[in-house]
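# Structural overview
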Amino acid sequence: MSSETVHHPERPFTDRHIGPDASEIDVMLTTIGVASVDALIDEAVPESIRDDAPLRVPGPLDETTAIAMLRAIADTNRPGTPLIGMGYTGTIMPPVIRRNVLENPAWYTAYTPYQPEISQGRLEALVTFQTMVTELTGLPVANASLLDEATAAAEAMTIARRVTSGDRSTFFVHADTHPQTIAVLATRAEPIGVRLVIGAEPELAGIPDDDLIGALFSFPTSTGGVVDWRATIGSVRSRGGRVVLAVDPLAAVLLESAGALGADIAIGSAQRFGVPLGFGGPHAAFMAVAEDLSRAIPGRIVGVSTDTEGRPALRLALQTREQHIRREKATSNICTAQVLLANIAGLYACWHGPEGLRRIAERVHAHASAAAAALVSGGHRLRHSPLFDTVCVDDVDADAVVAAAAADDIDLRRVDGRSVSFTFDETTDEHIVRRVLAAFGLETAEVGPSTVGSDRTPHSPPSSLLRHDEILQQAAFHRHRSEHAMLRHLRRLADRDLALDRTMIPLGSCTMKLNSTTEMEPVSWSSFADVHPFSPAERSAGYRRLISDLEAMLCEITGYAAVSLQPNAGSQGEFAGLLAIRAWHRSRGDHDRDVCLIPSSAHGTNAASAVMAGMRVSVVGCDGNGDVDLADLADKIATAGDRLSAIMATYPSTHGVFERGIGTICEMVHQAGGQVYVDGANLNALVGLARPGRFGADVSHLNLHKTFCIPHGGGGPGVGPVAVAAHLAPFLPGHPLGGTDQVVGPVSAAPHGSAGILPIPWVYGHLMGPAGLRRATETAIVAANYLATRLGAHYPVLYTDASGRVAHECILDIRPITRATGVTVDDIAKRLIDHGFHAPTVSFPVSGTLMIEPTESEDLAELDRFCTAMISIRTEIDRIADGEWSIEASPLRHAPHTAADLLGDWERPYPRLLGAYPLGTPTGDRYFPPVSRIDAAAGDRNLVCTCEPLESYALESQR
């Protein structure tokens, strides 16, 4: 039997994924007041959308069998030695980081740090990442990661467009940029009216000054050139344009920084800092900007503020959920980022420190220089010199060289029919160098230690292009050299957080369910982790089988005809779905259909995605029941007329109910010539019960990091596949290297997005099987209605359907309480920390409310513990209402209570015990947050987003 999993034939996996057992379900049903699960489903889920046909998906399998099947699939991958480069390189994840971060549920089950008091550990790691980026790029402000290098380049292009003066429309991209980046830029540019010019200096010079948005260059270039861009950058800036520089983080250890070269924005991928190839992802991209662009940078920034006692504390700044607030005026649609991978990259820099990174960079460069010298000696012509890690050889029979290398299990990059390049990395040794040279016919080339170890070679960059400043001098990059020190650092950070390994995270619309160990294990297998996204097809047979299986499973579950797994976040899936609708209309000659109807309750990313896709947003109101107002919908359809493109509806609605009118909504939009986009964020309430592709929708994105068990990782990785009806299938995202003849271009850099984590939903689906998937959905609906029933006696449930039921989540309305007592949703959220809970979703989709989603994975004891906490808080609210406490002196306003608060001077009108243990009984496993309530506004006014130890900020504040 495999030691990787333990087979429990007497207890199927479904019974471990689903928290409540049969007896607990009976208790919940009795509380709800229904006789059976079927009876509740009949009341809650409209018959008009129900699809009771059994799902035709594999399983259920036991864990040993599922892992054995997946192992057999994985073994058909043949990673070889990928030296293709193009922004993807081999790397070595330090085992202490692999075991204690990537494979540690304290890190991978954490949620986005919107509740900063219980997220100080992951926030500190993100500040480390941001600091690493600012140090390497020489620019003062960095964000806390983006999705991939290509989409980071697109975000940079949109920043340049937004901040340049005048009515400019042209963005220049140097031709020696990674081709997948150029392809994604083209996809993103066209809908928003940006004209791309791809070329070299003459093409750049030909753009009129008053039309130049900016330019993107690479340092080093895609084929390896280390080019002095200073004069060109200066020219672009003198013409009023902004300059984006794509940089390699390892090269940046040795080469002059982007800021020193004059760039306004630096972007790149942190993948080579310890993150596996994973057939293209997930990998954290980075962006850093000049000071004057700090308020324009997309995504999230972690910054320093203070708590109520003046202690320094970290929180998200400026862009926190800004797409939910600004909607169609948002600067970006990014919601999920690659936070787990960003943390790994930042911790990799901590582990190695500046000296270790320099040694790695020098060794990689030495190998490349040695190979370059041998090739020149052998009569070959190099495209570039100087170079860093990539050698491009011209005037060769490219097919023959690539084939010779492949026969020796090495993959090189075929640049064109006469040119081949290769990129060395951290895993390269002298043996690999010799094998590469042999592919070029240099069988006798000598590459000895003395050659590789030499400091300078004819192909090294000149001193003028090397950095001479000291980098990464902050203590974080020097403290953790021994494994004991690093292990304890990682444990200390994890202990400052609350994740699913400690407690239920009842976030509405975020589906924080079990991420089982069996599902997670294959992510670390070399046969999945070490495959390059652009390797020859024969290298990735296992991945292609896995992807085909997943596509078939998702089509069956959703009722759609085709699926693309390329979008690497839900926001990218939204964008891809809207591009498909736009392209379909255009294929029929409807070029003017550009109005997208969006209900007022929708996720904010919907509106931002619509604008990115070149659409105009028209907001449709909701009625008093929280449903789409059909009369207002009719008015908005009439107003749009022949310009109607689509409606974006979330189902079940963001208000937590199954709207009875969804079929009518689909029919109204279709009759007017539009398409129906159903946001799949709430698919956990539909699997096995209803299929959007069969009840009227044309396209949906799916959140595999919600419904299908890929963990949130503190804010990513995410996977947001887009599923479409048959007529939209030709308009799914194209291949990043597919050329310009594709109907729709790629939305992500890698062909299959974050492929490295696709084993997770594959295992989940095969373990659950048809009946298990449906049972999970039914249990989630039971759990939500149980909470709504129990808590509804203490807090108003804002929306229910005609039968008084909710879907898989419910919204508690705190606004009447706030009006009566001054107690806010934030007060309740922070007091929940004292009970050891992460708060529900706060003030979304309705300000002043809490949206709760229990999922199917929480057992009755945990659900009841949450109810007890919420009822206890209601009792405290009543004591405020009765005048026993003022709101300002209450435990709610002082929450959360740190150990330092409880041990210090005490002049509050309630006892310390009540602050520490709200239920009055001391327990040995009480979680004490490291900081009390954080002043976010103060942090935004005084943005500090790079790291010194927090103690240093505390000392500064005392001066």
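Scroll up a little and you will see the structure.
So, here is what we can say about the structure in this document. Values in this document were obtained by computation on a predicted structure and should not be read as measured data.

Conventions adopted
- Residues numbered from 1 in each chain as written.
- Predicted model: local features only at pLDDT ≥ 70, side-chain atom pairs only at ≥ 80, totals over all residues.
- Heavy atoms only, no water.
- Helix = DSSP H or I, 4+ residues; strand = E, 2+ residues; numbered from the N terminus.
- Buried < 20%, exposed > 50% of the residue type's maximum accessible area, 1.4 Å probe, protein only.
- Contact = heavy atoms within 4.5 Å.
- Areas by Shrake-Rupley, 256 points an atom, 1.4 Å probe, with all protein chains shown as cover.
- Lys, Arg positive; Asp, Glu negative; His and termini not counted.
- Charge placed at Lys NZ, Arg CZ, Asp CG, Glu CD.
- Pairing = 2+ DSSP bridges.
- Axes fitted to C-alpha atoms, helices over the stretch in contact; angles between N-to-C directions.
- Salt bridge = Lys/Arg side-chain N within 4 Å of Asp/Glu carboxyl O.
- Expected span 1.5 Å × (residues − 1).
- Polar contact = N/O pair within 3.5 Å; in protein donor to acceptor, adjacent residues only side chain to side chain.

## Examining the overall build of the chain
Each helix and strand in the chain was counted, giving 36 helices and 25 strands. By its C-alpha atoms, the chain is 85 × 70 × 65 Å across when sized along the principal axes. Across the 959 residues of the chain, 66% fall into the buried class. Excluding contacts between residues fewer than 6 apart, the proportion of contacts in the chain whose partners are at least 24 apart in sequence is 77%. A total accessible area of about 31200 Å² is found for the chain, and carbon and sulfur atoms account for 51% of it. For the chain, the separation between the mean place of its 79 positive charges and that of its 113 negative charges on side chains is 2 Å.

## Considerations on the sheet that holds strand β22 (residues 722-724)
What the 7 strands build is an open sheet, ordered β16-β22-β21-β20-β19-β17-β18; its pairing is mixed. Taken across any chain shown, the strands that pair with only one partner, and hence form the sheet edges, are β16 (562-564) and β18 (616-620). When strand polarity is set aside, the average angle formed by the axes of neighbouring strands in this sheet is 25°. In the sheet, strand β17 (residues 595-599) pairs with β18 via 5 bridges, with the strands oriented parallel. Each residue of the ladder has a partner; that of C596, found in β18, is V617. Here helix α22 (residues 541-558) sits on the sheet and contacts β16, β21 (699-702) and β22; the angle it forms with β16, its principal contact strand, is near 125°. On the sheet, helix α26 (residues 662-671) packs against β19 (644-650) and β20 (675-680) and is oriented at approximately 140° with respect to β20.

## Comments concerning the pattern of salt bridges
Applying the stated rule across the entire model yields 60 salt bridges. Note that D864 and R790 form a salt bridge whose closest N and O atoms lie 2.8 Å from each other. One end of the pair, D864, is in helix α31 (residues 860-881); the other, R790, is in helix α28 (residues 759-792), with 74 residues separating them in the sequence. Given the relative accessible area of 24%, R790 is considered partly exposed.

## A look at the pairing of strand β15 (residues 419-423)
Of all the 5 residues making up β15, 5 are buried; the element is thus mostly covered by neighbouring parts of the structure. Side-chain alternation along β15 places S419, S421 and T423 on one buried face and V420 and F422 on a second face that is also buried. Pairing of strand β14 (residues 413-416) with β15 involves 3 bridges; the strand directions are antiparallel. Opposite D416, over in β15, you have S419 as the bridge partner. What sits between the antiparallel neighbours β14 and β15 is a turn of 2 residues.

## Some points on helix α4 (residues 63-74)
An ideal rise of 1.5 Å per residue puts 16 Å on 12 residues; α4 measures up with 16 Å between its terminal C-alpha atoms. Inspection of α4 places E63, T64, A66, I67, L70, I73 and A74 among the buried residues, and these make up the whole buried set. Along its buried surface, α4 packs onto α1 (13-17), α20 (517-520), α21 (526-529), α22 and α28. For α4, the N-terminal cap is D62; the gap from its side-chain oxygen to the backbone nitrogen of T64 is 3.1 Å.

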